[in-house]
Amino acid sequence: DVPFVGDAKRGDIGTTADRQGAAPFDILGCDAITANPYLGSEAIEPLISRGDRFAYVLCRTSNPGAGELQSLEVAADRGTGAPAEPLYARVARMARNWGPGGTVGLVVGATAPVELERIRAIAPELAMLVPGIGAQGGAVDPVLRHGPAISPPAGDRAGGGLLVNVSRGIAAAARSAGTSPDTHPVDLEERLAGAAAEWSERLRVAI
């Protein structure tokens, strides 16, 4: 019952994109993957066209250099009515119309709380995958305040359409495994499970 998300950041042209969808979904058994929208909607169409699978589109990532491209100002689009806005905001706006419905979400880093709030206002219904909590310095409170979807369809799902990724914060528990101060053996699985449970409690989503 645990969702399997492949952080593959896929997205390419033609038959390559087709195979990039088949490999993680049909061979590895991923329920969802991350996808790069830089090549446009056609490049990720095979990843978002299946009703039984899901893709989180990179929108505003958590790394320090994310703003170099993602915050570049994009001109207003008269055809769609989109205003002049940062590229990450345009990605969020466009992603709302991609796929058959219910198969697209956004990757938005917890290290960019202002952008996260703006993206949620643009795309109130899309699910979010939020990395950057813990080791990268992202704070919990803004994520819980602005992360959950505020209208259907994602808002009807468990967790309010919000999936928060904590990797190093849990994996770091393995470093302290071995022996306790009184030399008793420490179970690695218990350490990891305990760290995961602590983060789960901190990231409880009220819906």
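Parameters at a glance
Residues numbered from 1 in each chain as written. Predicted model: local features only at pLDDT ≥ 70, side-chain atom pairs only at ≥ 80, totals over all residues. Heavy atoms only, no water. Helix = DSSP H or I, 4+ residues; strand = E, 2+ residues; numbered from the N terminus. Contact = heavy atoms within 4.5 Å. Polar contact = N/O pair within 3.5 Å; in protein donor to acceptor, adjacent residues only side chain to side chain. Axes fitted to C-alpha atoms, helices over the stretch in contact; angles between N-to-C directions. Parallel < 35°, antiparallel > 145°, perpendicular 65-115°, else oblique. Left-handed = near helix turned anticlockwise from the far one by under 90°. Nonpolar A, V, L, I, M, F, W, Y, C, P; charged D, E, K, R; others polar. 1 Å grid on protein atoms, 1.4 Å probe; cavity = no way out; pocket = protein on both sides within 12 Å on 5 of 7 lines; lining within 4 Å. Points joined across faces, edges and corners; volume = space filled by probe spheres on them. Core = buried A, V, L, I, M, F, W, Y, C linked by side-chain atoms within 4.5 Å. Buried < 20%, exposed > 50% of the residue type's maximum accessible area, 1.4 Å probe, protein only. Pairing = 2+ DSSP bridges. Patch = residues over 30% accessible without salt bridge, like charges linked within 9 Å, V, L, I, M, F, W, Y side chains within 5 Å. Areas by Shrake-Rupley, 256 points an atom, 1.4 Å probe, with all protein chains shown as cover. Salt bridge = Lys/Arg side-chain N within 4 Å of Asp/Glu carboxyl O.

Chemist: Got a minute to help me understand the environment of Arg 10 in this structure?
Modeler: Here Arg 10 is to be found in strand 1 (residues 5–10). Separated by 10 residues in the primary sequence, Arg 10 and Gln 20 place their C-alpha atoms 6.6 Å from one another. In contact with Arg 10, not counting residues within four places along its chain, are Gln 20, Ile 33, Thr 34, Ala 35, Asn 36, Ile 44 and Leu 47. Polar contacts involving the side chain of Arg 10 include one to the main-chain carbonyl oxygen of Ala 8, which spans 3.1 Å.

Chemist: I tried to follow the packing of helix 4 (residues 87–95) against helix 5 (residues 113–122) on my own but got confused; where do I start?
Modeler: Axis separation between helix 4 and helix 5 bottoms out at 9 Å; the angle between their running directions is 30°. Judged by the angle between their axes, helix 4 and helix 5 are roughly parallel. Crossing of helix 4 against helix 5: the hand is right-handed. Across from Tyr 88, Ala 89, Ala 92 and Arg 93 in helix 4, the residues of helix 5 making contact are Glu 115, Arg 118, Ile 119 and Ile 122. By residue class, the composition of the contact of helix 4 with helix 5 is 5 nonpolar, no polar and 3 charged.

Chemist: Which parts of the structure should I look at to understand the layout of surface pockets?
Modeler: In this approach the atoms are scanned with a rolling probe the size of a water molecule, which exposes any empty space left behind. The space that makes up the largest pocket amounts to roughly 1100 Å³. For the lining of the largest pocket, the per-class residue count stands at 22 nonpolar, 8 polar and 6 charged. Computed from the structure, the second largest pocket encloses a volume of approximately 370 Å³. Considering the residues around the second largest pocket, the lining is formed by 18 residues, among which Asn 36, Pro 37, Tyr 38, Leu 87 and Val 91 are closest to the centre. Contributions of two or more residues to the lining of the second largest pocket are made by strand 3 (54–60), helix 3 (67–70) and helix 4. Ranked by residue count, the leading element in the lining of the second largest pocket is helix 4, at 5 residues. Taken together, the residues of the lining of the second largest pocket sort by class into 11 nonpolar, 6 polar and 1 charged.

Chemist: Just checking my understanding: could you explain the nonpolar core for this structure?
Modeler: In summary, soluble globular proteins display a tendency toward joint burial of nonpolar side chains. Core analysis: the largest hydrophobic core is formed by 35 residues, its most contacted members being Cys 59, Leu 106, Ile 119, Ile 133 and Val 143. When residues of this core are assigned to their parent elements, the largest contribution, 5 residues, is made by helix 4. The residues contacting Cys 59, other than those within four sequence positions of it, are Gln 70, Tyr 88, Val 91, Ala 92, Leu 106, Val 107, Val 108 and Ile 119. Counting 7 residues, the second-largest nonpolar core is a separate cluster that includes Ala 32, Leu 58, Val 107 and Ala 127.

Chemist: Where do I start with the sheet that holds strand 6 (residues 104–108) in this structure?
Modeler: Think of a sheet as strands paired side by side through backbone hydrogen bonds, with each pair either parallel or antiparallel. Strand order in this open sheet of 6 strands is 1-2-3-6-7-8, and the pairing throughout is parallel. Looking at the sheet topology across the chains shown, the edges are occupied by strand 1 and strand 8 (162–164). Sheet twist, expressed as the average angle between the axes of neighbouring strands with direction ignored, equals 25°. In the sheet, strand 2 (residues 32–35) pairs with strand 3 via 4 bridges, with the strands oriented parallel. Note on strand 3: the bridge partner recorded for Thr 34 is Tyr 56. Packed on one face of the sheet, helix 2 (residues 41–48) meets strand 1, strand 2, strand 3 and strand 6 and runs near 145° to strand 3. Along the sheet, helix 4 contacts strand 3 and strand 6; its crossing angle with strand 3, the most-contacted strand, is approximately 155°.

Chemist: Explanation requested: a nonpolar patch on the surface in the structure shown.
Modeler: Residues Ile 13, Tyr 38, Leu 39, Leu 69 and Leu 72 make up a contiguous nonpolar surface patch of about 550 Å² in total accessible area. Among the structural elements, Tyr 38 can be located in the loop between strand 2 and helix 2. According to the relative accessible area criterion, Tyr 38 is exposed, its value standing at 65%.

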